[in-house]
Amino acid sequence: MSLSKLTQTCFSRHQAKTFIRLYSSDFKSLLGPPAVANPYADNGRTRFAPIVPINHGNVFASIKLPINETQEAIAFKSEVEEAPKVEKLEESPKIEAEKVLSSPPPAPAPTSSAIDELNSLKDSLEKLESAASKSSSSSGGSSDNSDPGNAEEIEARRKRMERNTRIGAYVLFGGSIIGFISFCFYYGRAQRDEFGNVISDEFSGSFLAPFYRIANSFKLWRDYVVEPAREQLLPDPLPAPYLQPKYTIVIELKNILVHPEWTYKTGYRFLKRPALDYFLDVIGYPNFEVVIYSSESMMTAAPVVDSFDPKQRIMYKLFRDCTKYMNGHHVKDLSKLNRDLSKVIYIDFDAKSGQLNPENMLRVPEWKGNMDDTSLVDLAELLKTIHLSDAEDVRPMLQYYSQYDDPAKEFRRRAVYLSQQEEQKKQQPDDSSMLKRYSGRLFGSRRHVNA
């Protein structure tokens, strides 16, 4: 039996490796030199020392011992010293192998050096544990308010912090007041002309004039955002000998005359409503004073209006900056048009847009891009009938038709009905009813009959 098999049989694997590492220089195999180089014969190789865990109480520590000073190495070294030399194994290997197999392995005996090292480690751990307990007791004692000196120090610190907080609040409040007054006196001072003379205003002579000027500037800024851009949106009516139309039609652009549309093929564009040219020819100058009053911005809506009205039948164009912003809606204020409201007709589909002047509003259905729509033809006939009636106040007529969902459709229905009544009257003429004959002209029945 070889020495390596004998070693594996007698001892554990770890002890055999330790034995071979310690005495690899004195070992000689009976079978001759080994074919594989011994890795432990290279002194240049380094091995990390094993970590020996030690659990002492609640403290867990680990130390690193040299590989030749571990308990296994020390215990095994004494056994090797007492064992017979290798030369005897060379003489009678079988007899020595039988002796080793028959004898039980001796128990490892700890040496005095390992015990002393463990005792010193234990003492150091006890010192660390005592130092930790002292630090915890000192921290606990510092948080305890039972010490009168410590309590007085904490109270003094609290009062000092409270005083500093109060002083900081006073400084901040006083600085804010001084800054506000300085701001008002600087930006609220009276304006001067090019020669340096003070320009008097309605606040001159008052001690609080700078504050009044600051408040007035905030009001002007709010009016710039909320109120229309001008107090008078339209110029004065045309004087003689120019022809000023009697009635003014104010009409919304979006979803009444055109409809915005976006597709992947064409992008963003406006669809022109069917019969729009006929509608503008009927209501355009000189029959009516047509005003486009839209909630769209001027950069978007102005080119659209110019594209479908090359004949300039629309006299004025008002856009978003001329509206009044109320509760998230752009409202049209007809009182700023510089026109007589009894002769103003406002056409829109959104009731909130005309909430300031509901009696002047003719509410029509919203057009959503249907190219088979012919409502503008009926609406043009309704407006032409109002023009021919020569009424002094159009608001009662507008209120009557506004009670219907589609005023133009209702007007067409009444016109057809009146034309039928007039046909019956022709068969049975009655000259006594002049009012009925006039009403037939009022609602356009003669025009539909001729058509």
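Here, the structure is the one placed above.
So, here's what we can say about the structure. (Residues numbered from 1 in each chain as written. Predicted model: local features only at pLDDT ≥ 70, side-chain atom pairs only at ≥ 80, totals over all residues. Heavy atoms only, no water.)

Thoughts on unusual backbone geometry
Omega for the peptide link from A240 to P241 comes to 10°, which places this bond in the cis form. Along the chain, P241 turns up in the loop between α8 (209-226) and β3 (248-251). Along the chain, Y285 connects to P286 via a cis peptide bond; the corresponding omega equals 10°. In the Ramachandran plot, Q312 falls in the positive-phi region, its phi being about 60° despite a non-glycine side chain. (Helix = DSSP H or I, 4+ residues; strand = E, 2+ residues; numbered from the N terminus.)

Examining the packing of helix α9 (residues 276-283) against helix α11 (residues 375-389)
Axis separation between α9 and α11 bottoms out at 9 Å; the angle between their running directions is 5°. Between α9 and α11, the angle is such that the two are roughly parallel. Here α9 contributes L276, Y278, F279, V282 and I283 to the contact with α11, which in turn contributes L376, V377, L379, A380, E381, L383 and K384. Residues of the contact of α9 with α11, tallied by class, amount to ten nonpolar, no polar and two charged. (Axes fitted to C-alpha atoms, helices over the stretch in contact; angles between N-to-C directions. Parallel < 35°, antiparallel > 145°, perpendicular 65-115°, else oblique. Contact = heavy atoms within 4.5 Å. Nonpolar A, V, L, I, M, F, W, Y, C, P; charged D, E, K, R; others polar.)

As for the nonpolar core
Note that soluble globular proteins tend to have their nonpolar side chains buried in a common cluster. L257, F279, F308, I347, L379 and L383 are the most contacted members of the largest nonpolar core, which totals 38 residues. Sorting the residues of this core by element identifies β3, α9, β6 (289-293), α10 (298-308), β10 (344-348), α11, α12 (395-402) and α13 (407-427) as the ones contributing at least two each. Counting residues per element, this core draws most heavily on α11, which supplies six residues. With residues up to four places along the chain from it excluded, the contact list for F279 reads I251, L257, L376, L379, A380 and L383. Y316, C322, L337 and L341 belong to the second largest nonpolar core, which has 14 residues in total. (Core = buried A, V, L, I, M, F, W, Y, C linked by side-chain atoms within 4.5 Å. Buried < 20%, exposed > 50% of the residue type's maximum accessible area, 1.4 Å probe, protein only.)

Re the sheet that holds strand β11 (residues 361-363)
Overall, parallel pairing links the five strands, which are arranged β7-β6-β3-β10-β11 in an open sheet. Lying at the two open borders of the sheet, with one neighbouring strand each, are β7 (316-318) and β11. Direction aside, the axes of adjacent strands within the sheet are offset by 25° on average. Sheet topology note: the β3/β6 ladder contains four bridges and is parallel. Each residue of the ladder has a partner; that of T248, found in β6, is E289. (Pairing = 2+ DSSP bridges.)

Notes on the pattern of salt bridges
Across all of its chains, the model carries 23 salt bridges by this definition. Between K272 and D277 there is a salt bridge whose closest N-O contact spans 3.1 Å. Residue K272 is classed as partly exposed on the basis of its relative accessible area of 38%. Residue D277 is classed as partly exposed on the basis of its relative accessible area of 35%. With a shortest N-O distance of 2.9 Å, E289 and R339 are connected by a salt bridge. In this pair, E289 sits in strand β6 while R339 sits in the loop between β9 (329-331) and β10, placing the two residues 50 residues apart along the sequence. When sorted by exposure, E289 lands in the same class as R339, which is buried. (Salt bridge = Lys/Arg side-chain N within 4 Å of Asp/Glu carboxyl O.)

Here's the deal with a nonpolar patch on the surface
On the surface, F173, I177, F180, I181 and F185 cluster together into a nonpolar patch covering about 500 Å² of accessible area. Looking at the secondary structure, you find F180 in helix α7 (residues 148-187). (Patch = residues over 30% accessible without salt bridge, like charges linked within 9 Å, V, L, I, M, F, W, Y side chains within 5 Å. Areas by Shrake-Rupley, 256 points an atom, 1.4 Å probe, with all protein chains shown as cover.)

Comments concerning the environment of E381
In this structure, E381 sits in helix α11. At 2.7 Å, the side chain of E381 forms a polar contact with the side chain of Y278. (Polar contact = N/O pair within 3.5 Å; in protein donor to acceptor, adjacent residues only side chain to side chain.)

Comments concerning the pairing of strand β4 (residues 258-263)
As paired elements, β4 and strand β5 (residues 267-272) share six bridges and run antiparallel to each other. The partner of T263 across the bridge, within β5, is G267. Count of turn residues in the β4/β5 antiparallel hairpin: three residues.

Keep in mind these numbers describe shape, not what the thing actually does.
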